[in-house]
Amino acid sequence: MKREIIATKDGSNTIHLPSLNESYHSTHGAIQEAKHVFLKSGLDQVKKDQCSILEIGFGTGLNAILTYISANKKRISINYTGLEAFPVSTKELKSLAYSKIEEIKNYKNQYEALHQTSWDESHEISSFFNLEKKHRDLKDFSPRESTYNLIYFDAFGPRVQPEMWSLENLTKMYKSLKKEGIFVTYCAKGEVRRNLMKVGFNVEKIPGPPGKREMLRGVK
């Protein structure tokens, strides 16, 4: 499937799949979306010195490096698990040029380390950030129950990957969270909201990132 690099409105790049008319990030701004959906609406709501995070859709590593930067500033410890079925290539990472973005360029070595580490093994990126990337599809992933404080659900939307948003997978996400754990996603579709409620989440619609009116946050 053809993948191309395109610029978003905040100056950061993303990967676009023309045949699906789908992008890895919002075309209104990749950085803006990641910071609003996953940091402001997710990480900032976890009031702990240590946080265990599961990301569904590790992709470009943008959410991971922004989480790293935030954790460094806040002096919190992160255990980060990223699930990805179709890893981004070295050529694509170079073209995305995230390490040249103002707020990331001072963390160039850490960003590169996120991608250079081997799959399916735990790696210490720094004294406060551990990463384990899992190269597999969500249907083949069986997380332990009550493991995570926070889930970044950053899969392609239900229009493109409806199976990712199934009751079975959302139940899996619910069970993998600790009590009061948080699930965040850019998606605000009514069917997704109802399914999140069915599996047990307390769900709220909250303001979305630039270009999107709403998003969803669920709490166990």
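Residues numbered from 1 in each chain as written. Predicted model: local features only at pLDDT ≥ 70, side-chain atom pairs only at ≥ 80, totals over all residues. Heavy atoms only, no water.

In the annotation of an unreviewed UniProt entry, the entry for the chain reads SAM-dependent methyltransferase, and the organism field reads Brumimicrobium salinarum.

Asks: Looking at this structure, I do not really get the packing of aromatic side chains. What am I missing?
Replies: Two descriptors summarise a pair of aromatic rings, namely the distance from one centre to the other and the angle between the planes of the rings. Summed over all chains, the structure comprises 13 aromatic pairs. Ring centres of Tyr-174 and Phe-201 lie 5.0 Å apart, and the angle between their planes is 90 degrees; on these two criteria the pair is classed as edge-to-face. Here Phe-201 lies in the loop between α6 (190-198) and β10 (202-207) and Tyr-174 lies in helix α5 (residues 167-176), a separation of 27 residues in the sequence. Both residues of the pair, Tyr-174 and Phe-201, belong to the buried class. By way of ring pairs, the aromatic residues Phe-38, Tyr-68, Tyr-80, Tyr-107, Phe-128, Phe-129 and Tyr-152 are connected into one cluster. Here the guanidinium or amino end of Lys-133 rests over the ring plane of Trp-119, the centre of that ring lying 4.7 Å away. (Phe/Tyr/Trp six-rings, centres within 6.5 Å; stacked < 30°, edge-to-face > 60°. Helix = DSSP H or I, 4+ residues; strand = E, 2+ residues; numbered from the N terminus. Buried < 20%, exposed > 50% of the residue type's maximum accessible area, 1.4 Å probe, protein only. Lys NZ or Arg CZ within 6 Å of the ring centre and 35° of its normal.)

Asks: It is not clear to me how the pairing of strand β7 (residues 129-134) should be interpreted in this structure. Could you clarify?
Replies: One face of the sheet, then the other: side chains in a regular strand alternate in exactly this way. As paired strands, strand β5 (residues 77-83) and β7 are joined by 6 bridges and run parallel to one another. Of the residues in β7, the one forming a bridge with Leu-83 is Lys-134. As paired strands, strand β6 (residues 122-126) and β7 are joined by 4 bridges and run antiparallel to one another. Considered in β7, the bridge of Glu-124 is made with Asn-130. As consecutive antiparallel partners, β6 and β7 are separated by 2 residues. (Pairing = 2+ DSSP bridges.)

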